[in-house]
Amino acid sequence: MVNQCNSTALVTQNIVIQVDGSIEAPSTIGEWTGCELGSWLGFQNVKGLTIKGAGVIDGKGSIWWRQKPQITNYTTSLHFRYCDELALSGFTSLNSPNKHIMIHGSNGVDISSVHVYAPQYSPNTDGIVLSGSTRVNIFNSVIKTGDDCIALKSGCSFVNISRVACGPGHGIRVEEVSVRNVVFYRTQNGARIKTFRGGCNGDIRGILFMNIRLVQARNPIIIDQHYFSRRHAGNGEIKVSDVTFRGFRGTSASDEAIILKCSNLWCTNIVMDHVNISSMIPGKPTYSYCENANGRSSFTTPDVPCLEKK
């Protein structure tokens, strides 16, 4: 049994932790004491940390799942803060009291061949939660929990998720992401949300595109939930909601300047505010396309008929 273990180091680098056996959390709630990072095993400011092996990290979460949510909010199994060049591979994270793996403020993260398991009825047992992190690769892993397989929160960029078996659970969630003050110059796409038809289940919500300038962008604003790939064939669907496009101006290289092509779950609460997209050819009109979308618009050109005007 291992009680809370929090490592904080300003200059420590290139530490390798080999997990070949079983590391077990305390078996009673009373033994969870002295937790500074809101976790069982926590690491902060450790550069080049590697945790690998075929062993099991067992959070003994069942004693927590019957507790009130405010009690379990701070009981993550593995928590990494400001750990650049982090590598996790091979081990199994089992039955965390709350989130299994949380990573914040870390750049250059590789997660491979990791197995994350918790029963489908276990509350808030997200597999991997990312925030404020860049250059993250998650691949060749299996995540079966009672909540999100992977959750991306604000401040994340350059995240690659590939060859991941997700479910049961809530799928993959992307939320509270903002894109601001960007110029799209002759790009194929501008502000774009793309999901694969028949991919995994999940949610995309709380996305903000703001203060965007367009110069002959081919698809200035596009939500495409019918993107097809044989590698993603299946029955899953992504729910898109609470997406705001605010302060767009410039020109489109195509007639359809705004495309909302959503799944059978619909895109809900889509907001267009002060959007003005004209054709790159003077005097030529631009249009919008709507499928399974609702929300509201104000001061928007071209008109988006599926959105209520405010």
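Throughout this description, residue numbers start from 1 for each chain and increase along the sequence as written. For this predicted model, a pLDDT threshold of at least 70 governs which residues receive local features, and a threshold of 80 or more governs which side-chain atom pairs are given and counted, while totals over whole chains, interfaces and linings are taken from all residues. Side-chain metrics in this entry use all non-hydrogen atoms of the structure; hydrogen atoms and water are not considered.

## Considering the packing of aromatic side chains
At step 1: Paired rings are identified among Phe, Tyr and Trp, the last through its six-membered ring, by centres lying within 6.5 Å, and are further divided according to the angle between planes into stacked (under 30 degrees), edge-to-face (over 60) and tilted (the rest). Under the criterion given, the structure shown has four aromatic pairs.
At step 2: Judged by centre distance (5.4 Å) and plane angle (10°), the rings of F43 and F80 are stacked. Linking F43 in strand β4 (residues 39-44) with F80 in strand β7 (residues 76-81), this pair joins segments that are 37 residues apart in sequence. You'll find F43 and F80 in the same group, each marked buried.
At step 3: For the ring pair F209 and F245, a centre distance of 5.3 Å and an interplane angle of 5° mean the geometry is stacked. Highlighted residues: F209 in strand β19 (residues 202-217) and F245 in strand β21 (residues 238-252), separated in sequence by 36 residues.
At step 4: Taking the relative accessible area as the measure of exposure, F209 reaches 6% and is therefore buried. Helix and strand assignments follow DSSP, with helices taken as H or I runs no shorter than four residues and strands as E runs no shorter than two, numbered in order from the N terminus. Remark: exposure states derive from per-residue accessible area (1.4 Å probe, protein chains only) relative to the maximum for the residue type, with buried under 20%, exposed over 50%, and partly exposed in between.

## Some words on the confidence of the model for the protein chain
At step 1: pLDDT measures the predictor's confidence residue by residue and takes values from 0 up to 100. Taken residue by residue, the protein chain gives an average pLDDT of 88. The fraction at 70 or more is 88%.
At step 2: Contacts are residue-level and defined by heavy atoms, with any inter-residue pair within 4.5 Å sufficient. Predicted confidence for residues 7-11 stays below pLDDT 50, and this span has 10 contacts to residues more than four positions away or in other chains.

## Focus: unusual backbone geometry
At step 1: For the bond from T301 to P302, the omega torsion is 5°, close enough to zero to count as cis.
At step 2: Position of P302 relative to the elements: it lies in the loop between β25 (293-301) and β26 (308-309).
At step 3: Its identity is not glycine, yet F158 carries a phi of approximately 55°, on the positive side.
At step 4: For F158, a relative accessible area of 70% puts it in the exposed group.
At step 5: Of note in this structure, N292 is not a glycine but carries a positive phi near 55°.
At step 6: With respect to the element layout, N292 can be found in the loop between β24 (287-291) and β25.

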